[in-house]
Amino acid sequence: MTLLIFYLLALTALVVSLVFIPLILVTAIPLSAVYYHSLIRKPVVWGITLFVVAWQGWMIVQTGVFPWTHAVPLALIGLSVFIIYNLYPSVAFPAVDYPEMSDDPRALPIKDDAQVAIIEHNGITKAYPLDYLIHGHIINDWFGDRLVSLTYCALCRSVIPFDVTDIGPLYVGAMKNVPVLRTARPVRSFNKARLSRLLVLFIP
């Protein structure tokens with residue numbers, strides 16, 4: 001009976017850790033489901049993990065032996081913990097925060113035919129190679145006293161910078177149809193209504 005309970009808890013943890021995949025891929029599922037899953041996935045998986053580990057530890061104290069039949073569900077729970085920290089869009093596409101700018105662009109390893117996004121805001125102009133931007137889809141950078149999040153979509157090849165001074169830097173919270181932006185610090189929300197769009201660049 002204990003082994004069955006362990007398997008049920010392990011499968012629950014695994015489903016919770018992986019369900020973000022259909023939540024993202026199935027367009028009929030509302031975006032709010034992705035958001036709420038991002039809030040509960042770690043507490044649920046860690047709650048199951050701590051409960052099972054405590055139960056297993058108590059059984060070892062009582063019997064003095066480790067039942068190797070429990071190794072598989074324990075391994076599945078460990079896999080679930082690994083997934084929630086390593087296979088989520090915010091980890092797969094980490095935003096770049098405040099990159100160091102070069103005073104001599106010619107010294108950089110940039111190809112002559114490289115595509116570059118040029119952003120002018122608050123009296124400051126900066127250039128970002130798309131080969132650099134594509135890895136994390138978002139670059140957070142300061143333009144004087146204004147914080148700008150430069151976002152890039154590889155599907156439509158568009159660059160959209162947002163003034164996010166009032167809400168903090170952005171990162172990729174989920175990938176659903178197009179990258180969904182979520183503020184990392186201090187607000188946790190998928191709502192983009194408060195973002196001030198500066199301009200849209202379509203790269204030919």
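Residues numbered from 1 in each chain as written. Predicted model: local features only at pLDDT ≥ 70, side-chain atom pairs only at ≥ 80, totals over all residues. Heavy atoms only, no water.

(A) Spatial organisation of the pairing of strand 4 (residues 138-143). For strand 4, the tally of buried residues reaches five of six residues, placing the bulk of the element in the interior. Alignment of strand 1 (residues 96-97) against strand 4, held across two bridges, turns out to be parallel. Note that in strand 4 the partner of D97 across the bridge is N140. Of the strand pairs in this sheet, strand 4 and strand 5 (residues 146-153) are connected by six bridges, and their pairing is antiparallel. (Buried < 20%, exposed > 50% of the residue type's maximum accessible area, 1.4 Å probe, protein only. Helix = DSSP H or I, 4+ residues; strand = E, 2+ residues; numbered from the N terminus. Pairing = 2+ DSSP bridges.)

(B) Fine view of the pattern of salt bridges. Here the structure, examined in full by the defined rule, presents two salt bridges. Salt-bridge contacts for D163 lead to R146; the nearest nitrogen and oxygen are separated by 3.1 Å. With a gap of 17 residues between them, D163 in strand 6 (residues 158-163) and R146 in strand 5 connect regions that are remote in the sequence. Given a relative accessible area of 28%, R146 falls into the partly exposed group. (Salt bridge = Lys/Arg side-chain N within 4 Å of Asp/Glu carboxyl O.)

(C) Just the nonpolar core, in detail. If you look at the biggest cluster of nonpolar residues, it comprises 11 residues: A117, I119, Y128, L130, L133, I139, F143, V148, L150, Y152 and V159. Counting only elements with at least two residues in this core, the list comes to strand 2 (116-121), helix 6 (130-133), strand 4 and strand 5. Looking at which element gives the most residues to this core, the answer is strand 5, with three residues. Setting aside residues no more than four positions away along its own chain, F143 makes contact with I119, H121, N122, I124, K126, Y128 and V148. L147, I167, L170 and V172 belong to the second-largest nonpolar core, a separate cluster that totals eight residues. (Core = buried A, V, L, I, M, F, W, Y, C linked by side-chain atoms within 4.5 Å. Contact = heavy atoms within 4.5 Å.)

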